[in-house]
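Chain and residue survey
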Amino acid sequence: MPRSLTAFSSLYFATLLMLLGSGLLGTYLGLRLSADGTSEIWIGLLMTGYYVGLVMGASIGHRLIARVGHIRAFVASAGVVTASVLGHALTSSVEFWLVLRLVVGMAMMCQYMVLESWLNEQAESHQRGMVFASYMAVTFLGLAMGQVVLTVMPDLDIRHLLIVSMCFSLCLVPVAVTNRIHPAPLHPAPMKIRLFIQRIPLALTTVGVSGLLLGAFYGLAPIFASSTGLATSDIGIFMAVTIGAGLLAQWPVGWLSDRLDRSRMIQINAIILTGVALLIALPTLSSVGLMVLTGLFGVLAFTLYPLAVALANDHVEPDDRVPLSAMLLVTFGLGASVGPLLGSVLMKTMGAHMLYVFMACCTLVLVLRVRPEAVSGEHLVQDAPIHFMPAAGNLVSSSLAAAMDPRVEEHMVEEQMRDDGHVKASERDEDQDDHRPG
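This report concerns the structure included in the present document. Note that this is a predicted model, so its numbers are computed, not measured. The numbers attached to residues start from 1 for each chain and follow its sequence in the written order. Totals for whole chains, interfaces and linings use all residues, but because this is a predicted model, local features are given only for residues with pLDDT of at least 70 and pairs of side-chain atoms are given and counted only at 80 or more. Working from all heavy atoms in the structure, the side-chain values ignore hydrogens and water.

Looking now at the overall build of the protein chain. From N to C terminus, the protein chain includes 16 helices and zero strands. Per-residue accessibility, obtained with a 1.4 Å probe over protein chains only, is compared with the maximum for each type, and a residue is labelled buried under 20%, exposed over 50%, and partly exposed between these values. In the protein chain, which comprises 438 residues, the share counted as buried stands at 58%. Contacts are residue-level and defined by heavy atoms, with any inter-residue pair within 4.5 Å sufficient. In the protein chain, the share of contacts with a sequence separation of at least 24, taken over all contacts with a separation of at least 6, comes to 88%. Computed with a 1.4 Å probe, the accessible areas rest on the Shrake-Rupley method; for each residue, only the protein chains presented here act as cover. Within the structure as shown, the protein chain displays about 17,100 Å² of accessible surface, and the carbon and sulfur contribution to it stands at 64%. Helix and strand definitions follow DSSP, with helices as H or I runs of at least four residues and strands as E runs of at least two, each counted in order from the N terminus.

Structure below.
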């Protein structure tokens, strides 16, 4: 990492621990419930609850940060997540687990908001692109590392929950002991829903389908892999290969995206992805073939979201790119909330292979919908194509990440995401705390 980014190492380490714990928890819960004979529908509901919590957490996180400051908000959220994770060991009630997943989602979104505000505050103008890309890379790496734990510890027991709890406990250490000042609170700009639906319908469709795919993948792919006969350790490799391939694909796909027509790339991606998903669904596929195909699936599925974000930015003026970030994340969140539920119903009624048949049907929508001739170019901005940036596409960021995105002009961040009223109120509260007798 360049010397200019060493100041962010503690924040990146906190992010890595968070995503390691989150990635391990999601896969562990799916496999544990499947081993206990729990219905696929309940497993899908748990992942849906997590994504609903993430979407709800954006509003809660903003209020909490504005009221108590970044460090206290992060520490409180990490404590809630740690307690919620341990709560899974107290009972096997899936209804109780559903509530816990909702709470974990809300608290983690608050943590993302704190980290992204802090990274934005410390990054110089010339560092924004590297800081943003590094943050996305760390999220991918953390998610993949969480799956690898299952290969080292394949027996599903309480030790996995203890590891997740340790990750969320330790992630607050670099934030809690920092000697840097609190960054100024940021707030998401209001979404311009009607404008974006009219201006970038194809990009929004792609983002929604990406949410359907990745929400279903994280929640239900471990169950599918188990149904094919893979051992728990091999399921960890299966998940890690998929996520790792998605990480490695970000940069070559980005290079192509900056030189080729993005709507055509999305369509080609969807055509190949449809075929790959149908091949994975074949019951006669060998374990080696499954690993190869899931790697290709990761390359294609994890690049859909950043391609759609780049396409959207190509057709939105700089003034609207801050609210665009919020619109894209909410759209992805809605898809990610619905995907596990629909996929689980199909798996329950027609077999585990229907998960990838469902994914193939989703990508078929993009094949038919996203065509270069459907892009009028009427609203194409002057500096298009906008530079491609990697994106995890798993709601491992909030709309505040727009403050780091080099495609969003800094003065627009200052105008639309700074909340001077909350800053002054926060400063007054901290001054009162400093003078209050202990």
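Read on, since the account is not over.
On to the packing of helix 2 (residues 40–68) against helix 13 (residues 321–350). Under this scheme, a helix contributes an axis fitted over its contacting stretch, all axes are lines through C-alpha atoms, and angles between N-to-C directions fall in the 0 to 180 degree range. The contact between helix 2 and helix 13 brings their axes to 8 Å, and the two run at 175°. With respect to helix 13, the axis of helix 2 lies roughly antiparallel. Between helix 2 and helix 13, the residues in contact are Glu-40, Ile-41, Gly-44, Leu-45, Met-47, Thr-48, Tyr-51, Val-52 and Val-55 and Gly-333, Ala-336, Ser-337, Pro-340, Leu-341, Ser-344, Val-345, Met-347 and Lys-348, respectively. Under the grouping applied here, Gly and all other residues not named as nonpolar or charged are polar, the nonpolar ones being Ala, Val, Leu, Ile, Met, Phe, Trp, Tyr, Cys and Pro and the charged ones Asp, Glu, Lys and Arg. Residue composition of the contact of helix 2 with helix 13, by class: 11 nonpolar, five polar and two charged. For classification purposes, an angle smaller than 35 degrees is called roughly parallel, one larger than 145 roughly antiparallel, one from 65 to 115 roughly perpendicular, and anything else oblique.

On to the packing of aromatic side chains, then. Note on aromatic pairs: the rings of Phe, Tyr and Trp (six-membered ring only in Trp) are paired at centre separations within 6.5 Å, and the planes decide the class, stacked below 30 degrees, edge-to-face beyond 60, tilted for the rest. Scanning the entire structure with this criterion turns up nine aromatic pairs. Taking 5.3 Å as the distance between ring centres and 75° as the angle between the ring planes, the aromatic pair formed by Tyr-305 and Phe-332 counts as edge-to-face. Of the two residues, Tyr-305 sits in helix 12 (residues 287–314) while Phe-332 sits in helix 13, which places them 27 residues apart along the sequence. Pair check on accessibility: Tyr-305 and Phe-332 agree, each one buried.

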